[in-house]
Amino acid sequence: METELETGGADPFLAATRGGRLALPRCEACRTWVWPPPPTCRLCHGVVSWEPVSGKGTVHAVSGVHGAPDKASGELPPLFFVAFVELAEGPRLMTRLIEGQGWSVGMNVEFVLAAAVTGGPQLPMFRPASN
Amino acid sequence: MTDTVIGGVAEAPQGRTEWASSLALETWLVESAAHDAQVELDHIDALISVPPRAADFLVDAAAVSEALGLRPRLAFSVEAGGTAPILMLGLAVSLIATGAADTVAVVAADLPLTQVGRRTYGANLANSGGPVHPILEAPFGPTAVTLFALMASRHMAVYGTTEEHLAAVALQDRQRASSHPNAHMREPLSPDQYQEARYVSTPLRLFDCAPVSDGGGALVLTSRQRSASPRPVTIDAVGQATSHLHLTSTPSLSSFDIGPLMDSVLAEAGVIRADLRAAFVYDCFTIAMLLSLEALGFAEPGSAGPMFADGYFDVEGTLPVNTHGGLLSHGHPGRAGGMGNVIEAVLQVRGDSGDRQLDQCDKVLVHGMTGAFAQQAVAILGS
């Protein structure tokens, strides 16, 4: 399992979203959630394993990314929202906010799998919480 | 208090330039700084550089030595982002204190605008060799701007910082740069122009971001006893702190306090913050200025924005900052970002800042920062 936990070569999002549910690395010894995934717990160097989380969180910070206008046409690329979401369990992930608008810090959101680009890998993103 | 003094400096005009190569610029800077220090070029026995993006030498400092016809005892390049210029001062202090070198040249210069291109440079920052984590952050599409936009979003939510506070930084920097002959962005910037510019990554607009500039600077350092300079500038204390590399790993998006580092450099220099006549703060974005002022302890958390808008950090205020216009308007020359702050700090202490000169500027602080507040460095310089 340790190779999956290394951020260099493995894909931690594949491990985090296996089976369509969100799981995150947690130290088996001291029970600390450790993100980004380290080879061993950053605090006590205990063994780290993936544990399911609720998928509920709040918007910690958000930015609408406008990008630069196209040189030829002057048109702006489509606007998208990059955020840090703080999960109910504590860890904070960089992610995208989708299926909503009027985004602001503190809004309740929930986990959803989506691709950032057509045909791209499925990534953990967040949408407005259903309740 | 260290025994090392800055004997000479050199700075090239920042902005769009016509240098044939970054190596040509680096060699001109080292020669000019040695001339300013009244040091024979071949007395330089240690050469430290920042590897520019516009070149790809095995060891950049060896390439500079080769081009200058020098065979220094020590030549190496450092990788420390926007803290590199100040880290190089610290390395020079160590080399001179231990006797490993007598005369040290440090140079940081790059040509990201004409040799790399603005768009390629920006894309590189988001994809490789930049502050964005390639696996955990890059898939979501942030640019380097987005990282600072997220800090601004959080700072606004926690402390009530406003876009007007950010504007105050951009406008003041531009006003200072307007009288600097080497500054990249010297044309006047009005509040309306700031307001009407497009958002790059909310809440940051175009003029919240430093330009991509060519440019850089160099310094020649030696011991107090050895210096031939009529106005040597002392390095009273210098230090660096590392907190993380990627924003994903930072404990807070709205506070990057470096209290322990500040305590140690102030103690070594034997001064308190109120003794400082000016500060040169790493402001690659407007929000970086406000976060840095709070990190340095010049403003309580959340208060830098209102203080800045009130003129506390302007030339007539309590602690003038960035009399050269900062990275935002003096320029951000790629890997050499932050060298302009060091050069202006030296010029102010020497009394060589021309129209920008502050009165009795005998003790100043210069600050550098890497990536998304991954590292910070400070030096206290004096006369």
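Here, every reference points to the structure presented above.
Because the structure is a prediction, the values reported are computed rather than measured.

This paragraph deals with the interface of chain A and chain B. Across the contact, 33 residues belong to chain A and 28 residues belong to chain B. Summed over both sides, the interface between chain A and chain B buries roughly 2500 Å², with carbon and sulfur atoms accounting for 63% of that surface. In terms of surface lost to chain B, no three residues of chain A exceed Phe84, Arg92 and Met94 of chain A, which account for 24% of the buried area on that side. Applying the counting criterion to the chain A and chain B interface returns 0 salt bridges.

Another point: helix α1 (residues 22-36) of chain B. All names here are of chain B. Counted at 1.5 Å a residue, the expected span for α1 with its 15 residues is 21 Å, and the 21 Å between its end C-alpha atoms agrees. When α1 is considered as a whole, its buried residues turn out to be Ser22, Leu23, Leu25, Glu26, Thr27, Leu29, Val30, Ser32, Ala33 and Ala34. The secondary structure elements touched by the buried residues of α1 are β1 (4-11), β2 (46-49), α2 (60-68), β4 (103-110) and β7 (215-223). Directly after α1, the chain includes Gln38, whose backbone phi takes a positive value near 60°.

All names here are of chain B. For helix α13 (residues 339-350), built from 12 residues, the straight-helix expectation of 16 Å at 1.5 Å per residue is met to within 8% by its first-to-last C-alpha distance of 17 Å. Here α13 lies mainly inside the structure; 12 of its 12 residues are buried. Buried residues of α13: Met339, Gly340, Asn341, Val342, Ile343, Glu344, Ala345, Val346, Leu347, Gln348, Val349 and Arg350, and no others. One or two steps after α13, the chain reaches Gly351, where phi turns positive at roughly 85°.

What follows covers a positive patch on the surface. Positive charge collects at one region of the surface, where Lys71 of chain A together with Arg16, Arg118 and Arg119 of chain B lie side by side. Along the chain, Arg118 of chain B turns up in helix α5 (residues 118-127).

Using the criterion set out here, one finds 9 aromatic pairs over all chains in the structure. Three or more aromatic residues link up through ring pairs in this structure, and these residues are Phe148, Phe256, Phe285 and Phe373 of chain B. Positioned over the ring face of Phe84 of chain A is Arg92 of chain A, at 5.8 Å from the centre of the ring. The residue whose ring lies beneath Arg96 of chain A is Phe80 of chain A, and the NZ or CZ to ring-centre distance is 3.9 Å.

Bringing the pattern of salt bridges into the picture now. Oppositely charged side chains are able to pair whenever their charged atoms sit close together. One pass over the structure, following the stated rule, counts 16 salt bridges over all chains. One salt bridge in this structure joins Arg127 of chain A and Glu99 of chain A, with 3.7 Å as the shortest N-O distance. Of this pair, Arg127 of chain A sits in strand β7 (residues 122-128) while Glu99 of chain A sits in the loop between β5 (92-97) and β6 (108-115), placing them 28 residues apart in sequence. Among the ionic pairs, Arg350 of chain B bridges to Asp36 of chain B, the shortest N-O distance being 2.9 Å. Here Arg350 of chain B, found in helix α13, pairs with Asp36 of chain B, found in helix α1; they are 314 residues apart in sequence, far enough to count as distant. Owing to a relative accessible area of 25%, Asp36 of chain B belongs among the partly exposed residues under this scheme. Residues joined by salt bridges that share partners form a network here, namely Lys56, Glu99, Glu110 and Arg127 of chain A.

Quick notes on the rules
- Position numbers for residues count from 1 along each chain, tracking the sequence in the order it is written.
- Think of it this way: whatever chain is written first is A, whatever ligand is written first is 1, and the rest follow in order.
- This being a predicted model, a pLDDT of at least 70 is required before a residue's local features are given, and a value of 80 or more before pairs of side-chain atoms are given or counted; all residues contribute to the totals for chains, interfaces and linings.
- Think of the side-chain values as coming from all heavy atoms in the structure, minus any hydrogens and water.
- The contact criterion used throughout is that any non-hydrogen atoms of two residues lie within 4.5 Å.
- Two parts placed together each lose some accessible area under a 1.4 Å probe, and the buried area is that loss summed for both.
- Salt bridge, as used here, is a side-chain nitrogen of Lys or Arg placed within 4 Å of a carboxyl oxygen of Asp or Glu.
- Helix and strand definitions follow DSSP, with helices as H or I runs of at least four residues and strands as E runs of at least two, each counted in order from the N terminus.
- How far a helix is expected to stretch is found by multiplying one less than its residue total by 1.5 Å.
- Burial classes follow relative accessibility: with a 1.4 Å probe on protein chains only, a residue under 20% of its type's maximum area counts as buried, one over 50% as exposed, and anything between as partly exposed.
- Within the patch definition used here, like charges are joined within 9 Å and nonpolar side chains (Val, Leu, Ile, Met, Phe, Trp, Tyr) within 5 Å, considering only residues with over 30% relative accessible area and no salt bridge.
- Accessible surface is estimated by sampling points in the Shrake-Rupley manner with a 1.4 Å probe; for residues, cover comes only from the protein chains shown.
- Residues counted as positive are Lys and Arg, residues counted as negative are Asp and Glu, and His and the chain ends are not counted.
- By convention, charge coordinates are those of NZ in Lys, CZ in Arg, CG in Asp, or CD in Glu.
- Pairing of aromatic rings covers Phe, Tyr and Trp, the last through its six-membered ring, and needs centres within 6.5 Å; plane angles under 30 degrees mean stacked, over 60 mean edge-to-face, and all others mean tilted.
- Here, a charge over a ring means that NZ of Lys or CZ of Arg falls within 6 Å of the ring centre while also lying within 35 degrees of the ring normal.

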